[in-house]
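The residues making up each chain are set out below.
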Amino acid sequence: MNMDEILDLMDGLLDKSTSVPFSNKRVIDCEQMREYVDTIRMNYQKEVKLARETAKEKDRIIDEANKIAEDIIKQAEERALTIASEEEVVKKAGEIANEQLKNAKQQADAIIADAIAKDQSIKAALAAKLDKALSDAERVLTRNLNEVSATKDAVLNLGSAE
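Note that this is a predicted model, so its numbers are computed, not measured. (Residues numbered from 1 in each chain as written. Predicted model: local features only at pLDDT ≥ 70, side-chain atom pairs only at ≥ 80, totals over all residues. Heavy atoms only, no water.)

Trainee: Go over the overall build of the chain with me, naming the residues and quoting the values.
Mentor: Counting secondary structure elements, the chain contains two helices and two strands. For the chain, the N- to C-terminal ordering of α and β elements is α-β-β-α. In terms of overall size, the chain is more extended than a compact globule, its C-alpha atoms giving a radius of gyration of 62 Å where 162 residues would be expected to give roughly 15 Å. Projected onto its principal axes, the C-alpha coordinates of the chain cover approximately 200 × 25 × 25 Å. Across the 162 residues in the chain, those meeting the buried criterion constitute 6%. Counted over contacts in the chain with a minimum sequence separation of 6, partners at least 24 positions apart contribute 43%. Working note: accessible area of the chain is about 14,200 Å², and carbon and sulfur atoms make up 59% of it. Of the charged side chains in the chain, 25 are positive and 33 negative; the average position of the first set lies 3 Å away from that of the second. (Helix = DSSP H or I, 4+ residues; strand = E, 2+ residues; numbered from the N terminus. Rg over C-alpha atoms; globule rule 2.2 N^0.38 Å. Buried < 20%, exposed > 50% of the residue type's maximum accessible area, 1.4 Å probe, protein only. Contact = heavy atoms within 4.5 Å. Areas by Shrake-Rupley, 256 points an atom, 1.4 Å probe, with all protein chains shown as cover. Lys, Arg positive; Asp, Glu negative; His and termini not counted. Charge placed at Lys NZ, Arg CZ, Asp CG, Glu CD.)

Trainee: Tell me what's going on with helix H1 (residues 3-16), and back it up with residues and numbers.
Mentor: With 14 residues, H1 extends 20 Å from end C-alpha to end C-alpha; this agrees with the ideal 20 Å at 1.5 Å per step. Of the residues making up H1, those classed as buried are Met3, Ile6, Met10 and Leu13. Along the long axis of H1, the arc covered by the buried residues comes to 80°, so they all point the same way. Residues of H1 that are exposed and angled more than 90 degrees away from the buried face: Asp4, Asp8, Asp15 and Lys16. (Expected span 1.5 Å × (residues − 1). Arc of directions from axis to C-beta.)

Trainee: Can you tell me about the pattern of salt bridges, naming the residues and giving the values?
Mentor: Applying the stated criterion to the full structure yields 10 salt bridges. Here Asp71 and Lys67 are joined by a salt bridge, their closest N and O atoms 3.5 Å apart. Taken together, the positions of Asp71 and Lys67, both in helix H2 (residues 30-161) and four residues apart, correspond to about one turn of that helix. Under the relative-accessibility criterion, Asp71 is labelled partly exposed at 35%. Notably, a salt bridge pairs Asp136 with Arg139, separated by 2.0 Å at the nearest N-O pair. (Salt bridge = Lys/Arg side-chain N within 4 Å of Asp/Glu carboxyl O.)

Trainee: Requested: an account of the nonpolar core, with residues and values cited.
Mentor: With seven residues, the main nonpolar core is built from Met3, Ile6, Met10, Leu13, Met33, Tyr36 and Ile40. In terms of residue count, H1 provides more of this core than any other element does, four residues in total. When sequence neighbours within four positions are dropped, the list of residues in contact with Met3 reads Ile40, Asn43, Tyr44 and Glu47. (Core = buried A, V, L, I, M, F, W, Y, C linked by side-chain atoms within 4.5 Å.)

Trainee: Please set out unusual backbone geometry residue by residue, giving values where relevant.
Mentor: You will see that Phe22, though not glycine, has its phi angle at about 65°, which is positive. Looking at where Phe22 falls in the secondary structure, it is placed in the loop between strand S1 (18-19) and strand S2 (26-27).

Geometric values such as these leave the question of function open.
What follows is the structure, encoded as structure tokens:
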């Protein structure tokens, strides 16, 4: 029997009791009431023990839940640090890639500028050689033309002298 049932029985015992005439007093079965009180005492210790065990179990469950919560928070913090670290690595890699791209563009621009300069130099040298060759050819042709003209004049002079 639990405490509530025993208290209900005691309440019923009081309700069934007979009243003493000309007073507020009632006559009850003392032996029955004593049994109820003894039962309450026995049950009281069991229920107090059960309540203490329940309180201890509640405290244990709360402690365990707090530990689990702390572990979850710690894991979340570690994960956040890992993510932040990964983001920093990605950011740093992006910066390095941008720097390398900038350097590669500068090197390509320098190579292109050097190639353009060499092309202009080769064209200028070729133009100078071609101009010299054409000038030399013009001199040779002019000299040959002068010789042909001189020979023609000599042939014409021979024919008029006869």
